[in-house]
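Coordinate analysis (summary)
Spelled out from the first residue to the last, the chains are:
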Amino acid sequence: MQTFGEHLDVLRKMLFRICMLSFIIAIGVFFFKDQVFNLILAPCSSDFVTYNAINKSLCMLGMNDTIYSTSIELIATDLPSQFLAHMSMSLYIGGLLSSPFILYELFKFISPALYENEKKYSIRVGTVSYLLFIIGIIVSYFILFPISCRFLASYSVSEHVKTMVTLDSYISTFISLTLLMGLVFQLPIISIFLAKMGVITHSIMVDYRKHAFVLIVIIAAIITPPDAMTLILVSFPLYILYEISILVVKLSEK
């Protein structure tokens, strides 16, 4: 049995390893600037895969006009903004790439306090949670962010007002949306925990579908940029996740 001080020492060493690995990976990412920003700035281009898919779908429906035919141009208004954007993206990607190691370290830290069956359950839950987080990031990158970015960049209150998107605004929106979508995709996991605690059942979730939909729209309005298009794009997958959570909770009750 370890003392409280020994637990703190183990925690300190764990946090040090996590920070060091994340920092080392971030340094490595920093030297792949072209590859990283080709990926990050791809939604600015008119030939991004999502826009091509939408335009092809419109053509199949007999609509010859393309709605995503121009590219978004970014500007840097401050002297250090491009360097800071490079630094922030390197740290963000470094954290994402080191996340499996972070989960492993966290599990290794708490596993001595778990029974054998709890360890197996924790591994399954952790794996599913991580996969849901990655799926959320992918959904944001290919659907939510490019469409909301394009809508906000092209929206105009008057022909006398020209929108000029700054690199800082683009990067901050990109990071916040991808992280938020990764987190909100944890809804099925959260539902399982609440069901295990006896807080909810699948029948309660079914009865409160309408209330949940209103709450989802409110949450989506809080975490997304202030436009109706993004609100709809976030609310739809969140409600689908709610329906999936009902099925997952129902299976866990058997």
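Everything numeric in this text was worked out from a predicted model, so none of it was measured. (Residues numbered from 1 in each chain as written. Predicted model: local features only at pLDDT ≥ 70, side-chain atom pairs only at ≥ 80, totals over all residues. Heavy atoms only, no water.)

Some details on a nonpolar patch on the surface
Put simply, the rule is: Residues forming no salt bridge and having over 30% relative accessible area are the ones grouped into patches, like charges within 9 Å of each other and nonpolar side chains (Val, Leu, Ile, Met, Phe, Trp, Tyr) within 5 Å. Here the accessible surface of atoms and residues is derived via Shrake-Rupley with a 1.4 Å probe, and residues count as covered only by protein chains that are part of the display. By convention in these notes, a salt bridge is any Lys or Arg side-chain nitrogen within 4 Å of a carboxyl oxygen on Asp or Glu. Runs of H or I in DSSP of at least four residues are treated as helices and runs of E of at least two as strands, each being numbered from the N terminus.
Nonpolar side chains collect at one region of the surface, where Phe23, Ile27, Phe31, Phe32 and Leu91 lie side by side and expose about 560 Å² of accessible area between them. Structurally, the position occupied by Phe23 is in helix H1 (residues 4-30).

A few points about the confidence of the model for the protein
What counts, and what does not: One confidence number per residue, pLDDT, is output by the predictor and ranges from 0 to 100.
Per-residue pLDDT for the protein has a mean of 82; in total, 91% of the residues score no lower than 70. When the elements of the protein are averaged for pLDDT, helix H3 (residues 49-60) gives the smallest value, 78, and helix H2 (residues 33-40) the largest, 92.

Examining the packing of aromatic side chains
Aromatic rings in a pair are described by how distant their centres are and how their planes are angled relative to each other. Rules: For Phe, Tyr and Trp, rings pair up if their centres lie within 6.5 Å, where Trp contributes its six-membered ring, and each pair is then called stacked (planes under 30 degrees apart), edge-to-face (over 60) or tilted (otherwise). Here the term buried applies to any residue with accessible area under 20% of the maximum for its type, exposed to any over 50%, and partly exposed to those in between, with areas from a 1.4 Å probe on protein chains only. The criterion for a charge sitting over a ring is simple: Lys NZ or Arg CZ within 6 Å of the ring centre, and within 35 degrees of the ring normal.
Applying the stated criterion to the full structure yields 11 aromatic pairs. Relative to Tyr51, the ring of Phe48 has its centre 5.7 Å away and its plane inclined at 65 degrees; by these criteria the two rings are edge-to-face. Both residues of the pair, Phe48 and Tyr51, belong to the buried class. Their ring planes at 90 degrees and their centres at 4.9 Å tell us that Tyr141 and Phe142 sit as a pair that is edge-to-face. On the basis of relative accessible area, Phe142 is assigned to the partly exposed category, the value being 36%. Its guanidinium or amino end placed over the ring of Tyr51, Arg150 lies 4.5 Å from that ring's centre, counting from NZ or CZ.

A few points about the pattern of salt bridges
When their charged atoms lie close together, side chains carrying opposite charge are able to pair. Considering all chains together, one arrives at 5 salt bridges under this definition. One salt bridge in this structure joins Arg12 and Asp9, with 2.6 Å as the shortest N-O distance. Of the two residues, Arg12 and Asp9 are both situated in helix H1; the distance of 3 residues between them amounts to about one turn of the helix. When its relative accessible area of 28% is taken as the criterion, Asp9 is described as partly exposed. Across the pair Glu105 and Arg17 runs a salt bridge, and its minimum N-O distance is 2.8 Å. Here Glu105 is found in helix H5 (residues 99-110), whereas its partner Arg17 is found in helix H1, with 88 residues between them in sequence. Here Arg17 falls in the partly exposed class, since its relative accessible area comes to 33%. What you see here is one network of salt bridges that share partners, running through Asp9, Arg12 and Lys13.

What about the side chain of Ser98?
Worth spelling out the cut-off: We call two N or O atoms a polar contact when they sit within 3.5 Å, provided that within protein one can donate a hydrogen and the other can accept it, with sequence-adjacent residues counted only if both atoms are side-chain atoms. In what follows, residue pairs with any heavy atoms lying within 4.5 Å of each other are defined as contacts.
Mapped onto the elements of the fold, Ser98 is located in the loop between helix H4 (81-97) and H5. Only 2.8 Å separates the side chain of Ser98 from the side chain of Ser22, close enough to count as a polar contact. In this structure, Ser98 is in contact with Leu21, Ser22 and Ile25, ignoring residues within four places of it in sequence.

Considerations on helix H8 (residues 187-196)
The condition is simple: Taken from the helix axis, the directions to the C-beta atoms give the arc we talk about.
Within the span of H8, buried status applies to Pro188, Ile189, Ser191, Ile192 and Ala195. Taken end-on, H8 shows its buried residues confined to a sector of 160 degrees, consistent with a single buried face. Downstream of H8 by a residue or two, Gly198 has a phi angle that is positive, lying close to 80 degrees.

Describing the nonpolar core
We apply this condition: Put simply, a nonpolar core is a bunch of buried Ala, Val, Leu, Ile, Met, Phe, Trp, Tyr and Cys residues held in one set by side-chain atoms that sit within 4.5 Å of each other.
Counting residues in each nonpolar core, the largest one holds 44 residues, and the members touching the most others are Ile40, Met89, Tyr170, Ile171 and Phe174. In terms of residue count, the dominant contributor to this core is helix H7 (residues 167-184) (8 residues).

Quick look at the packing of H5 against helix H6 (residues 116-154)
Keep this limit in mind: In this description, a line fitted to the C-alpha atoms serves as the axis of each element, helices being fitted only across the stretch in contact, and the angle between N-to-C directions of two axes falls anywhere from 0 to 180 degrees. Geometric relationships in this document are graded by angle, where less than 35 degrees denotes roughly parallel, more than 145 denotes roughly antiparallel, 65 to 115 denotes roughly perpendicular, and other angles denote oblique. In a left-handed crossing the near helix is turned counterclockwise from the far helix by less than a right angle, and in a right-handed crossing that turn is clockwise. For this classification, Asp, Glu, Lys and Arg are treated as charged, while Ala, Val, Leu, Ile, Met, Phe, Trp, Tyr, Cys and Pro are nonpolar and the rest, including Gly, are polar.
Closest axis-to-axis distance for the H5/H6 pair is 12 Å, and the angle between their directions is 160 degrees. Between H5 and H6, the angle falls in the class roughly antiparallel. Handedness of the crossing formed by H5 with H6: right-handed. Of H6, the residues touching H5 (which contributes Ser99, Pro100, Leu103 and Phe107) are Lys119, Ser122, Ile123, Gly126 and Tyr130. Its residues placed into classes, the contact of H5 with H6 shows 5 nonpolar, 3 polar and 1 charged.

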